[in-house]
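# Working through the structure, step by step
The residues making up each chain are set out below.
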Amino acid sequence: MVIRSISKLWVKFEEPNSPVIRSVIGQKVEKVHITIFDTFGHIIHENNFKGIPAGEFNGEAYYDYAWDGPKNTGVYTAVVDSEMKGEKLTGKTTFAVLGGDHENKIVH
C-alpha cells in the first residue's frame, strides 16, 4: 500500500466553537475517517463519512467535516485518513477552541 500526505489540511470556524476541518485530498476517495485528539492524546471524537467532495480548491477535491457537539476550551489535533484504490492518504493539523461549551463538559 502506498501512503502519502494530504496536500493541504486546515481548520476554519464559520461560527464560534464550530470547527470545520478541511482536507484538500486532490482526488475523489471512497471514504474519509477523522479522529480528534486532546492534548493528552485521548480520542475526543471520531467519525467516518462518504467520500463526496465539498468542492474544489485550485483544481483539487476537498472534503469538509463540521465537528458538532460539546467541546471544551483547549488545543486539539485532527487526524484525517482516506483511502482509494490501495493508496492511503493521511494528514494532521492542530487547532484551538476558545470559550468551549461550558454546560456540556467533556469528561474522561
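Provided above is the structure to which this section pertains.
The following paragraphs examine the structure supplied in this document.

Thresholds applied
Residues numbered from 1 in each chain as written. Predicted model: local features only at pLDDT ≥ 70, side-chain atom pairs only at ≥ 80, totals over all residues. Heavy atoms only, no water. Helix = DSSP H or I, 4+ residues; strand = E, 2+ residues; numbered from the N terminus. Buried < 20%, exposed > 50% of the residue type's maximum accessible area, 1.4 Å probe, protein only. Contact = heavy atoms within 4.5 Å. Areas by Shrake-Rupley, 256 points an atom, 1.4 Å probe, with all protein chains shown as cover. Core = buried A, V, L, I, M, F, W, Y, C linked by side-chain atoms within 4.5 Å. Pairing = 2+ DSSP bridges. Axes fitted to C-alpha atoms, helices over the stretch in contact; angles between N-to-C directions. Salt bridge = Lys/Arg side-chain N within 4 Å of Asp/Glu carboxyl O.

For the rest of this paragraph, the subject is the overall build of the protein. Within the protein one finds zero helices and nine strands. Taken from N to C terminus, the helices and strands of the protein fall in the order β-β-β-β-β-β-β-β-β. Residue burial in the protein is summarised as follows: out of 108 residues, 39% are buried. In the protein, of all internal contacts separated by at least 6 residues, the share reaching a separation of at least 24 is 58%. Entry remark: accessible area of the protein is about 6,400 Å², with carbon and sulfur atoms responsible for 52%.

Counting residues in hydrophobic clusters, the biggest one holds 21 residues, and the most contacted among them are I21, I34, I36 and F95. Listing elements by their share of this core, those giving two or more residues are β2 (8-15), β4 (31-38), β7 (60-66), β8 (74-84) and β9 (87-97). Among the elements that line this core, the one with the most residues is β8, at four residues. Those residues in contact with I36 that sit more than four places away from it in its chain are I21, H42, I43, I44, H45, W67, Y76, T77, A78 and F95.

Before going further, it helps to examine the pairing of β4. Sheet topology note: the β4/strand β5 (residues 43-50) ladder contains seven bridges and is antiparallel. Note on β5: the bridge partner recorded for T35 is E46. The loop that links β4 with its antiparallel partner β5 comprises four residues; one of these, G41, has a positive phi angle of about 85 degrees. Two elements, β4 and β8, share eight bridges in a ladder whose sense is antiparallel. Paired with D38 across the strands is Y76, a residue of β8.

Within the fold, V24 resides in strand β3 (residues 18-24). In this structure the C-alpha to C-alpha distance between V24 and N58, which are 34 residues apart in sequence, comes to 9.5 Å. With residues near it in sequence (within four places) discarded, V24 still touches I6, S7, K8, W10, F57, E60, A61 and Y62.

Pairing between the strands of a sheet is mediated by backbone hydrogen bonds and can be parallel or antiparallel. Taking strand neighbours across the sheet as the criterion, the four strands line up as β2-β3-β7-β6 in an open arrangement whose pairing is antiparallel. Looking at the sheet topology across the chains shown, the edges are occupied by β2 and β6 (55-57). Between one strand and the next, the sheet's axes are offset by a mean angle of 35 degrees, whatever the strand orientation. Bridging between β3 and β7 involves five bridges; their strand directions are antiparallel. Residue pairing in the sheet places I21 in a bridge with Y65 of β7.

With that settled, the discussion passes to the pattern of salt bridges. A pair can form between side chains of opposite charge whenever their charged atoms are brought close. According to the stated counting rule, one finds two salt bridges in the structure shown. The shortest N-O distance in the salt bridge between D64 and K12 comes to 3.9 Å. On the criterion of sequence distance, the pair formed by D64 in strand β7 and K12 in strand β2 is long-range, its members being 52 residues apart. By relative accessible area, which is 25% here, D64 ends up partly exposed. Residue R22 is joined to D64 by a salt bridge in which the shortest nitrogen-to-oxygen separation is 2.7 Å.

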